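# Examining the three-dimensional arrangement
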Amino acid sequence: GENVEQHPSTLSVQEGDSAVIKCTYSDSASNYFPWYKQELGKRPQLIIDIRSNVGEKKDQRIAVTLNKTAKHFSLHITETQPEDSAVYFCAASSSGNTGKLIFGQGTTLQVKP
Amino acid sequence: GAGVSQSPSNKVTEKGKDVELRCDPISGHTALYWYRQSLGQGLEFLIYFQGNSAPDKSGLPSDRFSAERTGGSVSTLTIQRTQQEDSAVYLCASSSGTTQSNEQFFGPGTRLTVL
């Protein structure tokens, strides 16, 4: 069935360093790949997304890259700050239905001041 | 405007009891989703409503779980004969349902504890 694998499960970096989170998906028909950030005790919120017709997208310190051939996509956070500490979830749209998302297991990012 | 709301925020129940969880989506959003998030885990898809189409129930873990969406707006997730493994945060999300905008907006969740 549809599956999204996310790595690493935990990531600790020093403030100012970069952080990279990687995801792979199983369904070659997936065409929409969002990333959500969930701070402790709060609801997930969309931070960036990418569609299959684009290879890279940037928004200030955040970027996402997509390799459709290899079926993987990555989140890159540069110049990390303590407020970037949170759980990050990747997701891929379900085959034939761009509304439904299959989420990865999440990555807990800790940015040490 | 108002975001997605859920009630109750917390629910403690005894094993074997039935519970109902409510979700009020953003006004005008045609798509509504239910997820389950166990402690330290990811978002497990449960069910998806899109407009008047038949819901996608493929994520419901057992026949004890059901959901309905009345009038294309409010949704209720019902868990019958609750078990301890049902303890989790149940998140609802809604989206506009258009191909131009897939963003799902999440509610604050209902934390369910089954004793």
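Predicted model only: the values in this text are computed from it and were never measured.

Residues and elements named next belong to chain B. Reading across the sheet, the four strands line up as 1-3-7-6 and stay open at both edges, with antiparallel pairing between neighbours. The open sheet has two edge strands, strand 1 (5–7) and strand 6 (65–69), and neither has a second partner. In this sheet, neighbouring strand axes are inclined to one another by 15 degrees on average, regardless of whether the strands run parallel or antiparallel. Summarising the sheet, strand 6 and strand 7 (residues 75–79) pair through five bridges and their orientation is antiparallel.

In this section: the environment of E5 of chain A. Residue and element names in this part refer to chain A. Considering the arrangement of structural elements, one finds E5 in strand 1 (residues 4–7). Owing to a relative accessible area of 36%, E5 belongs among the partly exposed residues under this scheme. In this structure, E5 is in contact with K22, C23 and T24, ignoring residues within four places of it in sequence. Of note is the side chain of E5, whose polar atom sits 2.8 Å from the side chain of N3.

Right, let's talk about the sheet that holds strand 7 (residues 62–67) of chain A for a bit. Residue and element names in this part refer to chain A. A sheet is described by the order of its strands in space; here five strands give the open sequence 1-3-8-7-6, paired in antiparallel fashion. Either end of the sheet is taken by a strand with one partner, and the two such strands are strand 1 and strand 6 (56–59). This sheet shows a mean twist of 15 degrees between the axes of neighbouring strands, independent of strand direction.

A few words now on the state of the cysteines. Counted according to the given criterion, the structure contains two disulfides over all chains. Bridging C23 of chain A to C90 of chain A, the disulfide has an S-S length of 2.0 Å. An S-S torsion of about -100 degrees defines the bridge between C23 of chain A and C90 of chain A as left-handed. Of this pair, C23 of chain A sits in strand 3 (residues 19–25) while C90 of chain A sits in strand 9 (residues 86–94), placing them 67 residues apart in sequence. For the pair C23 of chain A and C90 of chain A, a shared accessibility class is recorded, and that class is buried. Here C23 of chain B pairs with C92 of chain B through a disulfide, and the sulfurs are 1.8 Å apart.

The next thing to look at is the packing of aromatic side chains. On inspection of all chains with the given rule, the structure shows 12 aromatic pairs over all chains. With a centroid separation of 6.3 Å and 70 degrees between ring planes, the pair formed by Y35 of chain B and F45 of chain B is classed as edge-to-face. Of this pair, Y35 of chain B sits in strand 4 (residues 31–37) while F45 of chain B sits in strand 5 (residues 44–50), placing them 10 residues apart in sequence. F45 of chain B carries the same exposure label as Y35 of chain B, and that label is buried. Put simply, the rings of Y36 and F103 of chain A together with Y33, Y35, F45, Y48 and F106 of chain B pair up and form one aromatic cluster.

Here we take up the side chain of K37 of chain A. Residue and element names in this part refer to chain A. Relative to the elements of secondary structure, K37 occurs in strand 4 (residues 32–38). For K37, a relative accessible area of 16% gives the class buried. At a separation of 3.5 Å, a polar atom in the side chain of K37 contacts the side chain of E39. Once you skip the residues sitting within four places of it in the chain, K37 turns out to touch R43, P44, Q45, I47, E83, D84, A86, V87 and Y88.

What counts and what doesn't
- Residues numbered from 1 in each chain as written.
- Chains lettered and ligands numbered in written order.
- Predicted model: local features only at pLDDT ≥ 70, side-chain atom pairs only at ≥ 80, totals over all residues.
- Heavy atoms only, no water.
- Pairing = 2+ DSSP bridges.
- Helix = DSSP H or I, 4+ residues; strand = E, 2+ residues; numbered from the N terminus.
- Axes fitted to C-alpha atoms, helices over the stretch in contact; angles between N-to-C directions.
- Buried < 20%, exposed > 50% of the residue type's maximum accessible area, 1.4 Å probe, protein only.
- Contact = heavy atoms within 4.5 Å.
- Polar contact = N/O pair within 3.5 Å; in protein donor to acceptor, adjacent residues only side chain to side chain.
- Disulfide = S-S within 2.5 Å.
- Phe/Tyr/Trp six-rings, centres within 6.5 Å; stacked < 30°, edge-to-face > 60°.

So far we have only geometry, and geometry alone does not tell us how the molecule works.
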